[in-house]
Amino acid sequence: MSRPVVLIAEELSPATMAALGEGFQIDHVDGADRAALLAAVPAAEALLIRSATKVDAEVLDAAPRLRVVARAGVGLDNVDVKAATARGVMVVNAPTSNITSAAELAVGLLLAVLRRIVPANLSLRAGQWQRSRFTGVELAGKTVGIIGLGRIGVLVAQRLAGFGVTLIAYDPYIQPTRAAAHGVRMVTLEELLRTADVLTVHLPKTPETVGLLNAEALALVKPTAVLINAARGGIVDEAALYEALTTGRLAGAGLDVFTVEPCPDSPLFALDTVVATPHLGASTDEAQEKAGIAVAHSVRLALAGELVPDAVNVDGGVIAVDVRAYLPVTEHLGQIACALAPAAITHVEVGVAGEIAEHEVGVLALSALKGIFTGLVHDPVSYVNAPLLAAERGVTSELKVSREPADHRSVVRVRLDTTAGASVAVAATAPAPHGVARLVAVDEFDVDVPISAHLAFFRYHDRPGVVGMIGNILGRAAINIAGMQVARTAAGGEALVVLTVDEGIDAPTVAEITAAIGARFGRAVDL
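Just so you know, these numbers come straight off a predicted model, no measurement behind them.

Conventions and cut-offs
Residues numbered from 1 in each chain as written. Predicted model: local features only at pLDDT ≥ 70, side-chain atom pairs only at ≥ 80, totals over all residues. Heavy atoms only, no water. Axes fitted to C-alpha atoms, helices over the stretch in contact; angles between N-to-C directions. Helix = DSSP H or I, 4+ residues; strand = E, 2+ residues; numbered from the N terminus. Parallel < 35°, antiparallel > 145°, perpendicular 65-115°, else oblique. Left-handed = near helix turned anticlockwise from the far one by under 90°. Contact = heavy atoms within 4.5 Å. Nonpolar A, V, L, I, M, F, W, Y, C, P; charged D, E, K, R; others polar. Polar contact = N/O pair within 3.5 Å; in protein donor to acceptor, adjacent residues only side chain to side chain. Pairing = 2+ DSSP bridges. Salt bridge = Lys/Arg side-chain N within 4 Å of Asp/Glu carboxyl O. Buried < 20%, exposed > 50% of the residue type's maximum accessible area, 1.4 Å probe, protein only.

Closest axis-to-axis distance for the helix α5 (residues 99-114)/helix α7 (residues 151-161) pair is 9 Å, and the angle between their directions is 50°. Classified by the angle their axes make, α5 and α7 are oblique. Note on packing geometry: the crossing formed by α5 with α7 is right-handed. Residues Ile99, Thr100, Ala102, Ala103, Glu104, Ala106, Val107 and Leu110 of α5 form the contact with α7, whose participating residues are Arg151, Ile152, Leu155, Val156, Arg159 and Leu160. Of the residues that constitute the contact of α5 with α7, the class distribution is 10 nonpolar, 1 polar and 3 charged.

Shown next, in the form of structure tokens:
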């Protein structure tokens, strides 16, 4: 069997290669060379990039085997996530790899601006000794306004707390109690602009944040204030910033990001009140290594068909260890339920009960859809495209969670409604780590059967001799029975036999058993 092709389009650390490990064919290409990239990507199942490689619809259309695009960094401005999602391609990044480096750079820019370190350094290098010209400002006792109190904003707050400052923040998505735990008081954006001595930006670039700090906003700040932006270019209106600095509406600025990058020239660079760096937020050895290792692990998971916690186009939430054990179980339930469905599926209900319901379990709904459509379509099904496949076919879905005690510590149930007006439901539980997941219910029947690679289900009218007939037919077909359980609603009523076998039962044998025992239905399921 050929090894999956991992295409590396930009230089990554040796630790990234080590984290990928063996089992892959590693190819290299210059991602900035468009023609070379388009020529190399058709064979790739994984594409590893940084910021110089543009992955748009053209690249994705040229890569029919591609399953994952991994960006060794945080930003995804160079990846068309929407186009990737439509094609079932997972997009992952390394969201926490550079947060420490970015926070430290923001603090460094802040101190450099307040103490006028850069112009003083340049003056001294020019042979001048002008101490009085570069009198700075102490940070102690000042009010620092943090615009965006996410992971990086919190790290900045923690680092600045030691300087004896008052910390305020604006972030509409952060609860005041959470901010207070970090010594930060939440305020409106207008209050922050009017009261802060230092403003530092730590927001993502979105349609809502582009141009947030425009001329109108900068008109509210103190003339003695300084502005730091080590987040994303475009959040600060650069023309308005230049105007504020040159007219005395703002005392200084520290910039690591710009609206258009690369940005080798800007009127802002001529001002000695500005300290500017060429987007160095993630440019530390530690951040680059952490980013590479993180995406290498993500690629391994993606190519193994597993869910990746850092996938930006999979709405699964953070996956707890206990929930992770139920991912393959729920996927198998989707496959089994789909095989037992009497007609086309219209609605999927995933029920979660017991201890795992204490966690975020939304990802299990994705697992069920992945299992269902694996049995319905010929193309590969992933956590990314399963919801799209459902939407295209008019299949709705819902997740029901109950923390009430179940018959087992935890149980997951998948129920399918069909166009025939009938439904099918199956449930399973996953024991302690390394145990075997077990099927515990099929429709109204209680069972206790290990979920194995080859299963068979026959529903019939309860009477003597049926088990013998099934065993006889399978024996003639040289199919060994690994396990069998018969469940019934009442003696002489409806009965269900569930078998685990050593190899798959072919369709003619299933039909023979179904006819011989007069089964209402017979199904073989290979997982």
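Once that is clear, we can look at the environment of asparagine 313. Its location among the elements puts asparagine 313 in the loop between α12 (285-303) and α13 (321-324). Along the chain, asparagine 313 and isoleucine 168 lie 145 residues apart, while their C-alpha atoms are 33 Å from each other. From its side chain, asparagine 313 meets the backbone oxygen of valine 89 in a polar contact 2.9 Å long.

On to the sheet that holds strand β20 (residues 481-488). With respect to topology, 4 strands assemble into an open sheet ordered β20-β21-β19-β22, the strand pairing being antiparallel. The sheet is open, and its two borders are formed by β20 and β22 (521-526), each paired with just one other strand. When strand polarity is set aside, the average angle formed by the axes of neighbouring strands in this sheet is 15°. Examined bridge by bridge, strand β19 (residues 454-461) and β22 share 6 bridges and lie antiparallel to one another. Note on β22: the bridge partner recorded for arginine 459 is phenylalanine 521. Strands β19 and β22 of the sheet are contacted by helix α14 (residues 326-340), whose axis makes an angle of about 150° with β22. Against the sheet, helix α17 (residues 466-476) engages β19, β20 and β21 (494-501), with an angle of about 155° to β20.

This model, assessed by the stated rule, comprises 23 salt bridges. As a salt-bridge pair, arginine 34 and glutamate 58 come within 2.8 Å of each other at their nearest N and O atoms. Placement of the pair is arginine 34 in helix α2 (residues 34-40) and glutamate 58 in helix α3 (residues 57-61), with a sequence separation of 24 residues. When its relative accessible area of 26% is taken as the criterion, arginine 34 is described as partly exposed. Accessibility expressed as a relative area gives 44% for glutamate 58, which makes it partly exposed.

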